[in-house]
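Commentary on secondary and tertiary structure
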Amino acid sequence: IKREAPDLVHIHGVTLNMINQVETCKALGISCIVTLHGLIGLEDSVSAPEDLKKVERQFALYAEKNDVPVTVISTGVKKRIEKYYLNHSSNNFLVIPNATNTSTRPLSGIDQVNIKQAYKIEQDKQICFAIGSLCTRKNQIQILEAFNISDYLKKNSHLFLCGVDRTNGEIEKFVQDHHLEKVVHALGFVENNVVREYLSQADLNILASIDEGFGISVIEAFAEGVPSVTFEDLDAIPDLYDEKAMLLVHGRSTEELADAIKQALSKDWDHDYIKKHAKKFSLENMASDYLKLYRNTLNK
């Protein structure tokens, strides 16, 4: 930092040494801001070392006391920091939501693939996607449970899971044990441009996470005009929600999730409206928000 002499240092994420990094910037007279891309210290479902979880709390208190600007990716993250770490509201923690490319998708080799044709799915069946590493926090197992208890979902739709399986085979075992092989398709890791192409052919995106700082798959789906079903208690709901683009699950039971998915698949969505809603989460808007913060910080 001393050698490069930047105008401003932007630190991303919690590290064991982050308070020393900020102190170094202060000693050199260099402005510094921090971005937290979610919280690791408040949920058991988040896998992180205990000492790192402790640093998150320590840093939140340090940043508030020392007037270090901190951005977070959703309103819910800010509220949880205020409630569980600071015990009061704060103007020092700012919300700059995540973003995605809302312009035309780049061409890829997958563009010509028709999902229904490739997986021999009847034209009248609807396509659901759940995107993200298969793990406890992302909670894809509850989506499978919802499909398993709903004859409507099994009869009228197919579920595609995009993401590396980190459940030690739990997902695959559930599918086999409950004979869901004909309606559930685990695709493993899928490149982002391919995910977007698949989403363009989807009827619904499902996000069932136990804990989620934002939920990039929701805005990626928006960009393709695809609605999402998710739980109303997730951190980014105040930022993402529009009744014309999302359907919220008001409880956490599997029955409520299954019913919400069914409702969403039965609803007539305005796909052009959803694409317009996605523009709120463009890369350009996010960049503009960060540049504004950089200027404000430098002008202090």
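Overview of the structure.

About the thresholds
Residues numbered from 1 in each chain as written. Predicted model: local features only at pLDDT ≥ 70, side-chain atom pairs only at ≥ 80, totals over all residues. Heavy atoms only, no water. Phe/Tyr/Trp six-rings, centres within 6.5 Å; stacked < 30°, edge-to-face > 60°. Helix = DSSP H or I, 4+ residues; strand = E, 2+ residues; numbered from the N terminus. Buried < 20%, exposed > 50% of the residue type's maximum accessible area, 1.4 Å probe, protein only. Lys NZ or Arg CZ within 6 Å of the ring centre and 35° of its normal. Pairing = 2+ DSSP bridges. Axes fitted to C-alpha atoms, helices over the stretch in contact; angles between N-to-C directions. Contact = heavy atoms within 4.5 Å. Expected span 1.5 Å × (residues − 1). Arc of directions from axis to C-beta. Parallel < 35°, antiparallel > 145°, perpendicular 65-115°, else oblique. Nonpolar A, V, L, I, M, F, W, Y, C, P; charged D, E, K, R; others polar. 1 Å grid on protein atoms, 1.4 Å probe; cavity = no way out; pocket = protein on both sides within 12 Å on 5 of 7 lines; lining within 4 Å. Points joined across faces, edges and corners; volume = space filled by probe spheres on them.

1. Notes on the packing of aromatic side chains
For any pair of aromatic rings, geometry is given as the distance between the ring centres together with the angle between the planes. Counted according to the given criterion, the structure contains five aromatic pairs. Centre to centre, the rings of Phe-129 and Phe-160 are 5.2 Å apart; their planes meet at 15 degrees, and the pair counts as stacked. Here the residue Phe-129 occupies a position in strand S5 (residues 126-131), and Phe-160 occupies one in strand S6 (residues 157-162), the gap between them amounting to 31 residues. This pair shows no difference in class: Phe-129 is buried, exactly as Phe-160 is. Note on Phe-214 and Phe-281: the rings are 6.4 Å apart at their centroids and 65 degrees apart in plane angle, and the pair reads as edge-to-face. Of the two residues, Phe-214 is situated in the loop between strand S8 (204-207) and helix H9 (216-223) and Phe-281 in the loop between helix H12 (271-278) and helix H13 (283-298); the sequence distance between them amounts to 67 residues. For the pair Phe-214 and Phe-281, a shared accessibility class is recorded, and that class is buried. A connected cluster of aromatic rings, assembled from ring pairs, spans Tyr-119, Phe-129, Phe-160 and Tyr-198. The ring of Tyr-273 carries the charged tip of Lys-244 above its face, separated from the ring centre by 5.0 Å. Its end group placed over the ring of Phe-231, Arg-252 keeps NZ or CZ at 3.9 Å from the ring centre.

2. Let's talk about the sheet that holds strand S7 (residues 184-188)
Spatially, the six strands line up as an open sheet ordered S7-S6-S5-S8-S9-S10, and their pairing is parallel. Whereas interior strands pair on both sides, the edge strands pair on one side only; in this sheet they are S7 and strand S10 (246-249). Direction aside, neighbouring strands of the sheet carry axes that sit 25 degrees apart on average. On the sheet, H9 packs against S5, S8, strand S9 (228-231) and S10 and is oriented at approximately 170 degrees with respect to S8.

3. Structural notes on the side chain of Asn-98
Relative to the helices and strands, Asn-98 resides in the loop between strand S4 (93-95) and helix H4 (115-118). By relative accessible area, Asn-98 is classed as buried at 17%.

4. Observations concerning H13
The first and last C-alpha atoms of H13 sit 22 Å apart over 16 residues, in line with the 22 Å expected at 1.5 Å per residue. Tyr-290, Leu-293 and Thr-297 are the residues of H13 that are buried. Looking straight down H13, one finds its buried side chains confined to an arc of 60 degrees; they lie on one side. Exposed and oriented more than 90 degrees from the buried face of H13 are Glu-284, Lys-292 and Arg-295.

5. What about the packing of helix H1 (residues 18-27) against helix H2 (residues 50-65)?
Relative orientation and spacing of two packed helices are given, respectively, by the angle between their axes and the distance between those axes. Where H1 contacts H2, the two axes come as close as 10 Å, and the packing angle between them is 30 degrees. It follows from the interaxial angle that H1 and H2 lie roughly parallel. Two secondary-structure elements touch here, H1 through Met-18, Ile-19, Val-22, Glu-23 and Lys-26 and H2 through Val-55, Gln-58, Phe-59 and Tyr-62. Looking at the contact of H1 with H2 residue by residue, the class counts come to six nonpolar, one polar and two charged.

6. Considering empty space enclosed by the protein
One pass over the structure, following the stated rule, counts one cavity of 30 Å³ or more. Every residue along the wall of the largest cavity is listed here: Ala-130, Ile-131, Lys-138, Gln-140, Ile-143, Ile-206, Leu-207 and Ala-208. Listed by contribution, the elements that provide at least two residues to the lining of the largest cavity are S5, helix H5 (140-149) and S8. Among the residues making up the lining of the largest cavity, the classes are represented as six nonpolar, one polar and one charged.

7. Observations regarding the sheet that holds strand S2 (residues 31-36)
With parallel pairing, the four strands of this open sheet are ordered in space as S1-S2-S3-S4. Strands with a single pairing partner mark the edges of an open sheet, and in this sheet they are strand S1 (8-12) and S4. When strand polarity is set aside, the average angle formed by the axes of neighbouring strands in this sheet is 25 degrees. Judged from the three bridges that link them, strand S3 (residues 70-72) and S4 form a sheet pairing that is parallel. Bridge pairing in S4 places Val-70 opposite Phe-93. Along the sheet face, H2 touches S2, S3 and S4 and points at about 105 degrees away from the line of S4.

Scope: geometric values only; no functional claims are made or implied.
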